[in-house]
Amino acid sequence: MKNIFKVVMISAAVLTMTACEDFLTKTPETSLSPASFFSSEKELELWTNYEYTTLLDDATDYAEIKGDDYIGRSLSAIQKGTRTNATTGLWSQSHWGYLRHINQFFENCSNCKNEEVRTKFEGVEHFFRALFYYQMVQYYGDVPYYDSVVGSADEDALFRARDSRGFVMKKVLEDLDLAAKKLPDSWSDGCFRINKYGAMALKSRAALFEGTFRKYHNVADEQYTEADGTVTTLSSEWFLRQAADAAQSVMSSGKYSLYTSSSNPNWKAYRDFFQLEDLKGNPEAIFAKHYDVTLAIRHGLQFDLKNETYSATRRFVNHYLCSDGKPIQDREGWATEQYYEQFQRRDPRMAQTLHAPGHFGYLDPEMKGAVEITDFARTLNGYRVIKGVSDGSHENATTSTTDWAYIRYAEVLLNYAEAYAELGELTQGMIDKSIKLLRDRAGMPNLTLPTTPDPLMAEYYPNANGTQLAAILEVRRERVVELFAEGFHLWDMIRWKEGGPLTAAGNKSASATPLDPACSTPGYKGIYIPGPGEYDTDHDGKKDLLVYIGTAPSSVSSSIPTTNRIKVGENSLTLSEGDHGYITRDAAEDYVWTDRDYLYPVPLEQIQAYDGKLTQNPGWE
Amino acid sequence: MLTQKSFFKPLLLTFAALMLCIGANAQVNLSLKNVKVSDAITALNRAYGYSVSVNSDDVDLNKVISVNASRASISDVLDQIFAGQQVSYFIDGKSISVSKVEPKAKPAQLTGVVVDENGEPLMGAGILVKGTGTGFISGPDGSFALRDVIFPATLVVSFIGYSDQEITVNGNEGHIKVVFKDSMNLLDEVVVVGYGTQKRVNVTGAVSVIDGTTLSQRPVTNTAMAIQGADPSIIITTGNGSIESSEYSMSVRGKVSLNSGSPLVLVDGVEGSLTLVNPNDIESISVLKDASACAIYGAKASAGVILVNTKSGVGEEGKASINYNGRYSISSNTTSTNFMTTAYDYIMLTNSFNQVFQGNDAWTYTEEQIQMMYDRRNDVTENPERPWVIPDTTNTYTYLYLGNFDWYGWLFKRTRPETEHNVSIKGGTKKMNYYVSGRYLYREGLFNQGAADNVNNFSFRAKLNAEITPWLHYSNNLAYERSNYQYGGFWEQDGQAGLVEQGILWNTTQNVGPFYVPYNPDGTVNIQPGFMYGATSPLFSGRGGVWTNDGNKNARIKNALTLTNRLTFSIAKGLKFVADYTYRRNDNVNTYRSLPTPNCYDNANKRMYVGNGLTGGYFSNGSVNDFYREVRYYQDGHVANGYFAYDGTFGKHNVAATLGANFDDYRSSNVTVHQKGSLSDALAYLNLASATEISTLNESNSAYRTLGFFGRLNYNYAEKYLFEVSGRYDGTSRFPKNHRWGFFPSVSAGWRISEEPFWAPISGVWNKAKLRLSYGTLGNQQVSNYYYFDTISLDKLTYTFNGTDAAQRATMSSPVSSSLTWETVISYNVGLDLGFFKDRLNIVADAYIRDTKDMLTKAMTLPNVYGVSAPKENAADLRTKGYEITVSWHDAKKVGGKPLHYGISASLGDNITKITKFNNPTNLLTDNYVGKTLGEIWGYHVIGLFESDEAAAQWAEQYDLSVVNKAELACKAPYNMVMAGDMQFENLDGDTHMKDGKIAINTGSNTLDDPGDRRVIGNSLPRYRYSFKGDLAWNGIDFSVFFQGVGKCDWYPDANCVYFWGPYSYRRPTFIPTSLQDNCWTEDNPSGYFPRQRAQLVKNSVVNDRYLQSAAYLRLKNLTLGYSIPFKTKAIQKCRLYFSGENLFYLSPMKKYCDTVDPEVATTSAYGDCLYPYAKTITFGVDITF
């Protein structure tokens, strides 16, 4: 009996003693813990990989960032004027979560004792935090700035008011400076990871945005106290100079140059760049995303171009100079030039961007395919976009594997030129270092520092001003042409305060008798049609387009495909003058662009959640 | 005291040891020759002082004997004195008493009669000589005759509906009369409670007991189904009628938390599942309902406890008893499966619906083709003169389909057999007993086509109980269950829906019409008929031909093993220590094999797909791919208990105490492998993967531990004043260190008023009255195992940095409140136990309030800048109020000269749960809010259907109907307006909301203060759960009937519920209830229930009271009729043949417009209620005991 008691008491004692806290602690087995994570290079890489995949758009997304330079089957909310303060936009919980993820890195990265490794990835996170806030400022102007993880109970932080855009952009530039300092020159993955030049290139982009935005929107200067006590005046000029310096530092590094060779003798380097399957090692690619057919990592850019029938606008087409360097309006009858004539003797980039008569819609390495006519199944208005179009196998949904450059050297050159032009300090020498390189590659004469503003450009960009207005306009022309459909134009128009043309209604010029008659009526314009009838648009001797009003003619040339038989008044397409004129999309859509539209509305439910501390952008209340 | 010589010595030794008796050891010297017995007694008295008294006249004192004893014991001397006489003697010191003993009983016949309390003979009573195989069933006159009985013997008399009685017979009683007393003697009934048992009379908490015999008499395949309706506090929702029986949800007294919280199920003290217990093994089930009963289980018991106790062996010498219980059953649907099967009627109806909706036909047939259907409309089977599939003369397609095909009958089995064989053996000796049982169960599933659809269940239980020493008992309990469920279909649906049947069943409800047949005349599988399409139909495009292809095979194999070893130490009188250890292991393997369909013909594109799925050329669209997937899951559990139990009586003070500890440790592991493409069609193994096509490989492990210290103290005075205090201190690995431990106490008291002296005058009529009161708190720890941890997870991306492999990325889990801790459940219970007319009438009633505090819900809404969802906090409360009452009556009457025993009982239970705290400051109706009753349904009031187009137009002038009549307005012109036969919704909030100059009928701000024109129109939770039971036994026949129902429950049919809505739900429904057409409003039928015929109307319409269905029901849950054959052989102790019907019929107001959905299933579905049908089961069975 005694023994039983012993056993019992010992068992009870053991049970009780082992009942300490650790006995009841069960840690997750098949998942990792933040306490031990962030310590190795592999782990830091895994963590920072997240940012690449959340904050960088997919190639497909760039096709959707539309402005007035091209349109698609469906117009964007900006173009349609349907944004409301009920939409969440980037002010969503998940998007702010990306910032949280970045700040979690800074909170935990001290787990990594290898300073060299840690520093490298700190650079990555500085870059992405800058990118995050740059985007937020683009959308919302003033935003609350957080450089640490906010706790659920930290009400002061959670419910804080917005920080001024100047302050935030200053922080963006600081992050980019730190990124440039900490990031390596290169990675073994090449341009598919961000390096220090990428950070400087983004700095030139962001600073140019802020500098021009402040200039054209008359944003008041702000004072910023640096860590060392000195006070910096955040002005338009200050940002522009930052942009110029950043671009200069990339240029002077000598690491990058324009891609001038072509993988195929049948087309030029400019077009070739956008259908390369691998940008690694490409001299122009500073920061890019790789797609791979065997890994099934693909995008749908080409499918979208086809499916959404992305089409350039005539306004954009008129940006292209003639091949002799003269503006198009100098050419006799330019305003009513038809499709074929428009492409003759123009900046060669035009035929490398839009489907030209007698050209191939697809890249056909062996040039065996039939010469294509412009296909109204793939365009709304005759100007079919072929930039980024590779061969036919990429045309199905999500089958493209061409790489996409987030940042390419050409942009840096354009940022450089624009910053100095806006500062009024652009010289011929600077042009020769920047725009000339682009012109050389395209096969165009160099730009001579202009002094007289081009009247057509002045009409297109009425708000532009500056001591070097003529130069500003020519730099813009170069930028619009070179960077077409790469996701820039919408934001360019916003920072330049040229919002009107972004809507179908605003696409009409303010002047009653504009130089460009296509701008005398609202709507996005396409190719010029003298009247109903059959056309041989590519001058190959066969009719390939029918335009008719009312009932279809009883006999139609068999060479005209059914998709190229256009009925006026159908599918939102009209002719600008009724029975003739420019093919017009959405002439009837009468949306108004006002100053409020330069910023996105803060979601209403967020304003309400803050109980008055969070203010709405003007005009969106 | 009667002893026999042969037993004398050991008894004497025992007495000597205990009583220090000297007599036995005294040495006697006595020598006498040829003297009388009486003289010898005198001599013994003189020599040694023994006084011998002879108690019987039958002892011959004059018999001449001789005694020759030297240093002999007194008993030896007595043996010599009484040599040749059958006597026994009792020696107490120096005094000896001698009695005559009857001649030693030879095996003899015993006859008798069994009668009831009123003296009426009972037929069919079982009489068994305990410890032997000798038995008899009483005849019509109640008589029985047992041969070869060795006396004294104990008879066990049993009778259906009564508990067994034991009678001792000495053999000199002659023709015996066994009076069968009414057995409901609640005074001695023992109730299993946490870590012990209590006498029913002493229970102070709310505990109800379900007797195992009532379970095993019903042909239910799992225990979960069996306890439905058995106690009014229990709500069992079987997710569907699936044959696998794996999915059920149960609540005791309603929902305990907005989070999970289901009752703790303990099988013989170890956590288990009701579906894994063989119902035949169950001795009893205790339902612990209030905090005082549950407190000893602490943090797991907040939602109530179900204690399942299995049968044990018998502890007497003797032969084992073997029981065989076998049955054959046929299941069918409880609901109607009458759907339209005539193509002509079907086409006319669906086309007419769609003309209004889209302005065209749902199916593009020409008039001639429809005429051909008309010609065939009476052909239930195909008439060779008018084939159902003919060449398409318009040459648009190859085939034209004109059939009257019964798709329901083709896809599904209308009747489904099942068989069960159950064998149990029990027996033992005084020191050891055993119970062994085995069951085989086979059930067939619903699906008629494709791979086999059935489940094979094997279960086995072995229990052993042994006395090692008088102070140490050992017992073990081994249970093993295997379930092998095989079914067809394809994994994607299973993966999406969680249960294969739901997704696939729902898919079958669309896009097939009776005109169509599964196979073309050339034997090819029909796909893409051309004039119709349906991407999600299981037969047609999308998942082409899945039911024609038995290559789609899946299985779920479950193995569950539980092994308990227990030692019981008897330490001192009334005090014991129990220690046990249980190992539990569940091993599950789920396999999924999919193959595309070979031999398909695409009628639309005139294209043939041949091949066998490997060689290409087969039809495969989207989701049915060639793959094999395997999921392996196991769970290891270790449970240890150690506790002291004390039971003592001091005069009128009765004390019982329990004190101990419980330790649980569980770990589970799950590995999933998914392999694309296989080298074999027939075999499914991972190593048959083609090339490197392992596309998914995932492992996840999870573990938790709990440790609890519990105690209970019971005290009562004379079993009149009862008190109980119990509590548990519980710790769990699921909460962070500082919030890990919780203490959950309870107190309860009872007063048996009827035991008071002042009650005596009325106790003849009202014999029992007891008041019970309890209060206690419990915890709810039902969060996931690692909920409070921040974890880093990795996922693979469609992003590459190097072009050689896809990148991975790391993220951190959403933050969790650092103060995360238990939800607390506080409950108050008051109960009454009443008995009248010597317990003929019994009433048990309980009323309770249960408060759930600190429920883990979202806290305040944080701004988006926080970046993740706000962590959940212990921030909401709810309160449940309810009651249960059970009234029963049982008695016996004489009917037709034979005794009739009968009993009836009725029970009723109800509860209602309201939210008392919730963070929803604006009281948005899309969320919970303070004051919300769980289950409430918000909707509009429909005044009626517009009588005329003019009335509708007038109404539309006045009111903005864009919300409530959205679906009507979206129809194709000229039907894009409200018209005669459309629903007219009432405007309840005046002109509060205006739109375009009209009064808007809408949801207002969708808040409690401004709900617009919506009101609470019903509640989807079952109220007033009731049941009626009746049983009677007469002349060997037993009969029982069990009705069960719900008094109030509302169901608003989901927009996907084709079984209810037909074409109002989808424009091309497979199944249209035949009754629907007659109930539609038409100009000729202006009183129709359903509105104007508009296809897909309900996809865009609003919840309203017109089509709210009352899912209240009364169901004949079970009816059993049995007959016990009175065998006159000792080999068979009992042989009962029975018929039983489960869910035989139901009554429900719902039936008026919908007899295709069972009311019990209707309210539980996430799949538009197109679920695995609820089964009606007819059973024939035999129950034999050897």
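These figures come from a predicted structure and were not determined experimentally.

A. Representation of the overall build of chain A within the structure. For chain A, the helix and strand inventory stands at 22 helices and twelve strands. In terms of overall size, chain A behaves like a compact globule, its C-alpha atoms giving a radius of gyration of 28 Å where 621 residues would be expected to give roughly 25 Å. Oriented by its inertia axes, the alpha-carbon framework of chain A measures out at about 115 × 60 × 50 Å. Taking all 621 residues of chain A together, the buried fraction comes to 59%. Considering only intrachain contacts with a sequence separation of at least 6, the fraction spanning at least 24 residues in chain A is 70%. Summed over its atoms, the accessible surface of chain A is roughly 23,200 Å², and 51% of this surface lies on carbon and sulfur atoms. Within chain A, the 87 negative side-chain charges are centred at a point lying 2 Å from the centre of the 64 positive side-chain charges.

B. Seen up close, the environment of B:Thr334. All names here are of chain B. Relative to the helices and strands, Thr334 is located in the loop between β22 (321-333) and α7 (343-358). Through-space distance from the C-alpha of Thr334 to that of Leu561 is 34 Å; in sequence the pair is 227 residues apart. Engagement of the side chain of Thr334 in a polar contact is seen with the side chain of Asp1158, the distance being 2.6 Å.

C. Inspection of the pattern of salt bridges at higher detail. Within this structure, the stated rule accounts for 87 salt bridges over all chains. A salt bridge links B:Asp268 to B:Arg461, with the nearest nitrogen and oxygen atoms 3.5 Å apart. With B:Asp268 in the loop between β18 (264-267) and β19 (270-271) and B:Arg461 in strand β27 (residues 454-469), the pair connects residues that are 193 residues apart, well separated along the chain. Among the residues examined, B:Arg461 registers a relative accessible area of 5% and is labelled buried. Between B:Glu420 and B:Arg327 there is a salt bridge, with the nearest N and O atoms lying 2.6 Å from each other. Highlighted residues: B:Glu420 in strand β25 (residues 415-428) and B:Arg327 in strand β22, separated in sequence by 93 residues. Among the charged side chains, a network of salt bridges with common partners joins A:Glu284, A:Asp347, A:Arg349, A:Lys387, A:Arg408, A:Arg439, A:Arg441, A:Glu478, A:Glu482 and A:Glu486.

D. Representation of the interface of chain B and chain A. Each partner contributes to the interface: chain B provides 59 residues, whereas chain A provides 61 residues. Interface area, chain B with chain A, both sides summed: about 5,400 Å², of which 67% is carbon and sulfur. Of all residues in chain B, B:Phe801, B:Asn864 and B:Val865 bury the most surface against chain A, accounting for 16% of the area lost on that side. The tally of links from chain B across to chain A stands at two salt bridges. We note a salt bridge from A:Glu29 to B:Arg667, for which the minimum N-O separation is 2.6 Å. Taken together, the links from chain B to chain A amount to 16 residue pairs in polar contact (both at pLDDT 80 or more). Of all the secondary-structure elements, those providing two or more residues to the side of chain B that touches chain A are β30 (553-572), β35 (653-676), β36 (694-717), β37 (721-732), β40 (792-796) and β41 (808-812) of chain B. No other element matches β36(B), which puts nine residues into the side of chain B that touches chain A.

E. Seen up close, the packing of helix α2 (residues 37-48) of chain B against helix α3 (residues 74-81) of chain B. Residue and element names in this part refer to chain B. Remark: α2 packs on α3, axes separated minimally by 10 Å, with the N-to-C direction vectors making an angle of 160°. Taken together, α2 and α3 sit at an angle that is classed as roughly antiparallel. In this structure, α2 meets α3 at a crossing whose hand is right-handed. On α3, the residues that touch Val37, Ala40 and Leu44 of α2 are Ile74, Val77, Leu78 and Ile81. Class assignment of the residues belonging to the contact of α2 with α3 gives a composition of seven nonpolar, no polar and no charged.

F. The arrangement of the packing of helix α18 (residues 435-442) of chain A against helix α20 (residues 469-482) of chain A in detail. Residue and element names in this part refer to chain A. One can describe the packing of α18 onto α20 by two numbers: an axis separation of 11 Å at closest approach and a directional angle of 45°. When the axes of α18 and α20 are compared, the pair comes out oblique. Crossing of α18 over α20 shows left-handed handedness. Where α18 abuts α20, its residues Ile435, Leu438, Arg439 and Arg441 lie against Val475, Glu478 and Glu482. Across the contact of α18 with α20, the residue classes tally to three nonpolar, no polar and four charged.

G. Examining unusual backbone geometry more closely. Omega for the bond connecting B:Ala973 with B:Pro974 falls within 30 degrees of zero, at 5°, which places this linkage in the cis form. Turning to its location among the elements, B:Pro974 is positioned in the loop between α13 (966-969) and β49 (983-985). You will see that A:Arg345, though not glycine, has its phi angle at about 55°, which is positive. Tracing the chain through its elements places A:Arg345 in the loop between α14 (339-342) and α15 (348-353).

Thresholds applied
Every chain is numbered on its own, with residues counted from 1 as its sequence reads. Each chain gets a letter, beginning with A, and each ligand a number, beginning with 1, in the order they are written. For a predicted model such as this one, the threshold for reporting local features is a pLDDT of at least 70, and the threshold for listing and counting side-chain atom pairs is 80 or more; totals across whole chains, interfaces and linings nevertheless cover every residue. Excluded from the side-chain calculation are hydrogens and water; included are all heavy atoms of the structure. Runs of E in the DSSP output that reach at least two residues are strands. Runs of H or I that reach at least four are helices, and both are numbered from the N terminus. Our radius of gyration looks at C-alpha atoms and nothing else; its globule reference is 2.2 Å times the residue count to the power 0.38. Between buried and exposed lies partly exposed: a residue is buried under 20% and exposed over 50% of the maximum accessible area for its type, with that area taken using a 1.4 Å probe on protein chains only. Whether two residues touch is decided by their heavy atoms; if any such pair falls within 4.5 Å, the residues are in contact. Residue exposure ignores everything except the shown protein chains as possible cover, and the areas themselves are Shrake-Rupley values with a 1.4 Å probe. A residue counts as positive if it is Lys or Arg and as negative if it is Asp or Glu; His and the chain ends are not included. Throughout, a charge is located at the NZ atom of Lys, the CZ atom of Arg, the CG atom of Asp or the CD atom of Glu. Counted as a polar contact is a pair of N or O atoms within 3.5 Å, where, for protein atoms, one must be capable of donating a hydrogen and the other of accepting one, and residues adjacent in sequence contribute only when both atoms are in side chains. By definition here, a salt bridge exists when the distance from a side-chain nitrogen of Lys or Arg to a carboxyl oxygen of Asp or Glu is within 4 Å. Buried area is a sum: the accessible area each of two parts loses on coming together, probed at 1.4 Å, counted once for each and added. With axes taken as lines fitted to C-alpha atoms, and helix axes fitted only over the stretch in contact, angles between N-to-C directions fall between 0 and 180 degrees. Each angle gets one of four labels, with under 35 degrees taken as roughly parallel, over 145 as roughly antiparallel, 65 to 115 as roughly perpendicular, and the rest as oblique. Should the near helix be turned anticlockwise from the far one by less than a right angle, the crossing is left-handed, and should it be turned clockwise, the crossing is right-handed. Any residue outside Ala, Val, Leu, Ile, Met, Phe, Trp, Tyr, Cys, Pro, Asp, Glu, Lys and Arg is labelled polar, Gly included; the first ten of those are nonpolar and the last four are charged.

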